[in-house]
Amino acid sequence: MRTLLMSACIFGCFATQALAADHIVVPYTQADLADEASLSTLYGKIAAAAKKLCRNDSSLLRAQGYIFDSECEDEAVKNAVVKAKAPALVAYAESVKRGENASAK
């Protein structure tokens, strides 16, 4: 089983105040990458974790340069997808970004 580690401190930010949770682990297996339905479920878990992580402390996120929680969420999802090193997940995420899988957002 592999895991995705998502961090709110994206691009090496140095916050003086610690987050209650500065990362969330999203476990996944090869089966989660097998087909579009599985990818959609995994992508949804990643997006939910990003939302939870980024809304943990909005004042700290603003101090790190994020004007809106959604900016943090988008970056956290993007970084988690890249860190997974799974071409199928990257392709799925790109299709979501283009609006081809609107139900995954």
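As a starting point, this report considers the structure included with it. This structure is a prediction, so every number in the text was calculated from the model and none was measured.

### Describing the nonpolar core
Proteins that are soluble and globular tend to have nonpolar side chains buried together.
Thought 1: The biggest cluster of nonpolar side chains holds 23 residues, and the ones touching the most others in it are L33, L42, Y43, I46, V77, V81 and L89.
Thought 2: Taken together, the elements giving at least two residues each to this core come down to strand 2 (23–28), helix 1 (36–54), helix 3 (69–84) and helix 4 (87–97).
Thought 3: In terms of residue count, the dominant contributor to this core is helix 1 (8 residues).
Thought 4: When sequence neighbours within four positions are dropped, the list of residues in contact with V81 reads Y43, L89, V90 and A93.

### Here's the deal with helix 4
Thought 1: Within the span of helix 4, buried status applies to L89, Y92, A93, S95 and V96. Down the axis of helix 4, the buried set is contained in an arc of 160°. They therefore lie on one face. Among the exposed residues of helix 4, those oriented more than 90 degrees off its buried face are P87 and K97.
Thought 2: Where helix 4 terminates, the next one or two residues include G99, which has phi positive at roughly 90°.

The rules behind each value
- Residues numbered from 1 in each chain as written.
- Predicted model: local features only at pLDDT ≥ 70, side-chain atom pairs only at ≥ 80, totals over all residues.
- Heavy atoms only, no water.
- Core = buried A, V, L, I, M, F, W, Y, C linked by side-chain atoms within 4.5 Å.
- Buried < 20%, exposed > 50% of the residue type's maximum accessible area, 1.4 Å probe, protein only.
- Helix = DSSP H or I, 4+ residues; strand = E, 2+ residues; numbered from the N terminus.
- Contact = heavy atoms within 4.5 Å.
- Arc of directions from axis to C-beta.

On their own, these measurements won't tell you what the molecule is for.
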